[in-house]
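Per-entry structural report
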Amino acid sequence: MARFIKTLALFVLPLAVVFSFPVVVFIKSGELYSLPEVEHLANTTPVLFGAAYSNFLQEYKFEMTQMRRPQVLALGSSRVGAFNSRFFKHPETFYNATGDVLAFSDFQNYVDGLSQKPSIIIVGMDQYFFNPARPIDDILERPNPFTTHVSAQDIVIEGMFGQGGWWRVYSDYAQGKFTLGELFAPRHMSTIGLRAYAGDGHVNDGSHYPGNIDTDPQAEQHITDTIAALVASINDTDGAEYGPSITPHALVQLRALLHDCQEKGIVVVGFLPPFAHAAYQALLAHPNAPYAKTFKTLPGVLASIYREYGFGFYDYSDPAFVSGSDKEMVESKHGSEKLYARIVLDMARRSGVIAPLVDAPMLQKQLKAATSSYMLYSLQ
């Protein structure tokens, strides 16, 4: 027996050595927090949540929406993540559920699954939703992700093994993506997940905080590079997210979503999210491309459909439409908090639904006083 125990110990010891570092990092960083733990913290203390090795963001956002019961809800892809509750007169009435709502069925399932419906939904309509070149299942209907129960065991398995976190943590540490000093340093807010320790994550109102990009030359260079890459990809055949026509199936799904919200007494405010201004200009430079007609007509087609149901729709494909610029983009297709403040001000000017929710003079003062190219507000 003693010999067996000794042999077993010799076998287990190398595994213990290999896994001890990832386990310490995962525990200390909060990568292994269960969703109820994160949700509890987000309701009681300032939080920055950004897991690096697992992705249960859509389940987390849905549960937070259920708990907070917002009157105003933002839905869409990560391109809508910069909507901040502090844009509004009553921040506690807003929640940003964007991130992984990527197909029309996601919008429908999200709304249907809520026990208490919001009064207003601000919906980002990504241009690719209407591109016939995209797989139909990709933009129309996916399995409902909002009925899945995520256990603590799911997070451990997904983070440590499903995404290869146990070895990736070594790679990320070697590349300087985090340090042990950062993990063990005192923090003024609850920081959950290694992405959050790098400054990138979601705060209490669900909005995305992109990190300290004002003071990070590499981050600013990354923004410049992504914009340049998108501009370079646009030519006589490739129109970024625009296709040669507008998918009729997507318009059917859109009408179904708007009809359902109308029946439920929910007001929908829709918009096209921004590309970089340089990319928009590049699209304009190809008036005879197969996608040129779609690029030109999509905003009007969607606005007309929204009007059928008494809702407003706005085109913010170009930051210049709201006096923004590429200096206020955090990636080629992602506007910053500062740019989205401009978008909210424009919505308040044009929408009788949004206007009462926004203290426009105060938000304008905050924009003028902002010292950052990207952010209006510091972390809470």
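What comes next is a walk through the structure. Just so you know, these numbers come straight off a predicted model, no measurement behind them.

The next subject is helix 14 (residues 337–350). Here helix 14 contains 14 residues, and its C-alpha end-to-end distance of 20 Å stays within 8% of the 20 Å for a straight helix at 1.5 Å per residue. Here helix 14 lies mainly inside the structure; eleven of its 14 residues are buried. Taken residue by residue, helix 14 has Glu337, Lys338, Leu339, Tyr340, Ala341, Ile343, Val344, Leu345, Asp346, Met347 and Ala348 as its buried positions. Where helix 14 is buried, its residues contact strand 4 (120–124), strand 8 (267–272), strand 9 (312–315), strand 10 (329–331), strand 11 (334–335) and helix 15 (360–369).

The next subject is the side chain of serine 105. Relative to the elements of secondary structure, serine 105 occurs in helix 4 (residues 104–113). Serine 105 has contacts with Leu140, Glu141 and Arg142, leaving out every residue within four places of it along the chain.

Taken as a whole and judged by the stated rule, the model has twelve salt bridges. Ionic contacts of the salt-bridge type, sharing partners, join the residues Arg79, Asp126, Glu241 and Lys333 into one network.

What follows covers the sheet that holds strand 3 (residues 94–96). Pairing is parallel in the open sheet, where five strands are placed in the order 3-2-4-8-9. Edge positions in the sheet fall to strand 3 and strand 9, since each of these pairs with one other strand and no more. When the angles between neighbouring strand axes are averaged without regard to direction, this sheet yields 15 degrees. Alignment of strand 4 against strand 8, held across five bridges, turns out to be parallel. Following the sheet pairing, isoleucine 121 is matched in strand 8 by valine 268. Sheet strands touched by helix 3 (residues 57–68): strand 2 (72–75) and strand 3. Its angle to strand 3, the strand with the most contacts, is close to 175 degrees.

Criteria and thresholds
Residues numbered from 1 in each chain as written. Predicted model: local features only at pLDDT ≥ 70, side-chain atom pairs only at ≥ 80, totals over all residues. Heavy atoms only, no water. Helix = DSSP H or I, 4+ residues; strand = E, 2+ residues; numbered from the N terminus. Expected span 1.5 Å × (residues − 1). Buried < 20%, exposed > 50% of the residue type's maximum accessible area, 1.4 Å probe, protein only. Contact = heavy atoms within 4.5 Å. Salt bridge = Lys/Arg side-chain N within 4 Å of Asp/Glu carboxyl O. Pairing = 2+ DSSP bridges. Axes fitted to C-alpha atoms, helices over the stretch in contact; angles between N-to-C directions.

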